[in-house]
Amino acid sequence: MAEADKKQYEVIYKGYMKGHNGWVTSMQFGAREGRDNFLISSSRDKSVLIWKLKPEGTEDEEFGTPFKILKGHSHFINELSLSNDCAHCLTAGWDGFIRMWDINEGKTVRLFKGHTKDVLSVAFSQDNRQIISGGRDKTIRLWNILGENKYTIESAHNDWVSSVRFSPDKSQDLFFSAGWDRKVKLWNKKSMSEFVPDSPINFSSQYLSTLAIAPSGAFVATGGKEGNLKILSVKQKPDLSFGLEDTRNCPLLNEINTVAFSPKFFWVACGCDNGIKLYDFKANNVFADIQMQPLEETSKDEDKEEEEEEKKEKKVKRVHKIGVLSMCMNTAGNLIFAGCTDNNIRVFEIAEKKAQQPKYQ
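A quick note: this is a predicted structure, and the numbers were derived from the prediction, not measured.

**Student:** Residue-level account of the overall build of the protein chain, with values.
**Tutor:** Within the protein chain, the regular secondary structure consists of one helix and 28 strands. Across the 361 residues in the protein chain, those meeting the buried criterion constitute 52%. Nonlocal contacts in the protein chain, meaning residues at least 24 apart in sequence, comprise 49% of its contacts between residues at least 6 apart. By element, 44% of the accessible surface of the protein chain is carried by carbon and sulfur atoms, the whole surface being about 17,700 Å².

So, in structure tokens, the structure goes:
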């Protein structure tokens, strides 16, 4: 990540992506050398969609269209993880299973059985050879790509394990977890044991829902019900063990559902119950607060009829806030994809601020 060179940036609404029939729970951007980039997303409609993206600069507000659908789970899909070569995808389901999918074939190639309750999180290692998962059975499980459960950490947390992530730093055999017991834990992948903190860290007063690791592997971002974004530093100690240090705290005043580090700047994007907040790590402040606006409906005549009926019956029209449950950025770090509770994906561009350029508000 680099500093923003004291330039001013703004967030511009670019368009939407429609295809899911349930909350959009997870997504990742797929970049393949010599081939078109794509987006992959999961939903409470029990499906995974692979999207063809429109070229940047297009005037079409429909930013992408689904060209492949993956089905197999019998309950909500809570999270997905894309392999680094973009050839395979993992999905964690409330049916208690993890599925590995062949992206090109669009079918399940492995079924991972072991969790006794809903699986909430799953992740590939950097070399795509190992997999970790966590769920409502309070366990963390290590798997190989053949679907074999190689190791299980029983009672890894005292409540649901909401998120698990490997360190992107290949020189560190580390992985991280966050749970509903309000804790973030750092683990040794070789010994499958926790690096116990030297002194207690007050992570949160309420459950933690999400976890993200900076591209360098040096920082961890987490948040949850409390609405407080917390940044932790990963430090190596003189005895070569590792630990977490409390580095930044930023109250956002809204429940945090998802966090993502920018691949370009020292920024963290937070998906909240009422929109997206962009946090500047260096300045320690929120520089953009983006509210999700309803997408325009196709039938204006139906809207007019509904409005007339409401006037006649003297009803007050309810305004439902649209939350952001999942997020990712493209490789260049200039696009944010936001998966929302109205079943749609919204796309935003982070651009250098120019005079009289319209904002999305």
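Further notes follow.
**Student:** Outline the pattern of salt bridges, listing residues and values.
**Tutor:** Applying the stated criterion across every chain, the model contains twelve salt bridges. The residue K189 makes a salt bridge to D173 at a minimum N-O spacing of 3.8 Å. With a gap of 16 residues between them, K189 in the loop between β16 (184-188) and β17 (193-194) and D173 in the loop between β14 (161-166) and β15 (174-179) connect regions that are remote in the sequence. Judged by its relative accessible area of 17%, K189 falls in the buried class. Among the residues examined, D173 registers a relative accessible area of 25% and is labelled partly exposed. Between D342 and R346 there is a salt bridge, with the nearest N and O atoms lying 2.6 Å from each other. Taking the relative accessible area as the measure of exposure, D342 reaches 24% and is therefore partly exposed.

**Student:** Account for the sheet that holds strand β1 (residues 9-17), with residues named and values stated.
**Tutor:** Judged by pairing direction, the sheet is antiparallel, and its four strands sit side by side in the order β1-β28-β27-β26 without closing on themselves. Looking at which strands have only one partner, the edges of the open sheet turn out to be β1 and β26 (324-329). Across the sheet, the axes of successive neighbouring strands diverge by a mean angle of 25°, strand direction being ignored. Judged from the five bridges that link them, strand β27 (residues 335-340) and strand β28 (residues 345-352) form a sheet pairing that is antiparallel. Each bridged residue has a counterpart across the sheet, and for G339 the counterpart in β28 is I345.

**Student:** Tell me about the sheet that holds β14, and please be specific about residues and values.
**Tutor:** In space, the four strands of this open sheet follow the order β14-β15-β16-β17, with antiparallel pairing throughout. Both edges of this open sheet fall to β14 and β17, since each of them pairs with a single strand only. Across five bridges, the pairing between β14 and β15 is antiparallel. In the strand pairing of β15, V161 is matched with G179.

**Student:** Tell me about the packing of aromatic side chains, residues and numbers included.
**Tutor:** Counted by the stated rule, this structure contains 16 aromatic pairs. On the numbers, 5.3 Å between centres and 75° between planes, the contact of Y9 with W267 is edge-to-face. One end of the pair, Y9, is in strand β1; the other, W267, is in strand β23 (residues 267-272), and 258 residues separate them in sequence. On the basis of relative accessible area, W267 is assigned to the buried category, the value being 4%. Note on F166 and F175: the rings are 6.2 Å apart at their centroids and 65° apart in plane angle, and the pair reads as edge-to-face. We note that F166, like F175, is buried. Each member of the aromatic cluster is reached from another via a ring pair, and the members are Y9, F265, W267 and F287. Sitting above the plane of the W94 ring, R136 keeps its charged end 4.3 Å from the centroid. The side chain of K282 reaches across the aromatic face of F266, ending 4.8 Å from its centre.

**Student:** Outline the side chain of S125, supporting the account with residue identities and numerical values.
**Tutor:** Looking at the element boundaries, S125 is found in the loop between β10 (119-124) and β11 (130-135). Accessibility expressed as a relative area gives 3% for S125, which makes it buried. Within polar-contact distance, the side chain of S125 engages the side chain of D127 at 2.6 Å. The contacts of S125, once residues within four sequence positions are left out, are N84, Q130 and F166.

Each value, and the rule that gives it
- Residues numbered from 1 in each chain as written.
- Predicted model: local features only at pLDDT ≥ 70, side-chain atom pairs only at ≥ 80, totals over all residues.
- Heavy atoms only, no water.
- Helix = DSSP H or I, 4+ residues; strand = E, 2+ residues; numbered from the N terminus.
- Buried < 20%, exposed > 50% of the residue type's maximum accessible area, 1.4 Å probe, protein only.
- Contact = heavy atoms within 4.5 Å.
- Areas by Shrake-Rupley, 256 points an atom, 1.4 Å probe, with all protein chains shown as cover.
- Salt bridge = Lys/Arg side-chain N within 4 Å of Asp/Glu carboxyl O.
- Pairing = 2+ DSSP bridges.
- Axes fitted to C-alpha atoms, helices over the stretch in contact; angles between N-to-C directions.
- Phe/Tyr/Trp six-rings, centres within 6.5 Å; stacked < 30°, edge-to-face > 60°.
- Lys NZ or Arg CZ within 6 Å of the ring centre and 35° of its normal.
- Polar contact = N/O pair within 3.5 Å; in protein donor to acceptor, adjacent residues only side chain to side chain.

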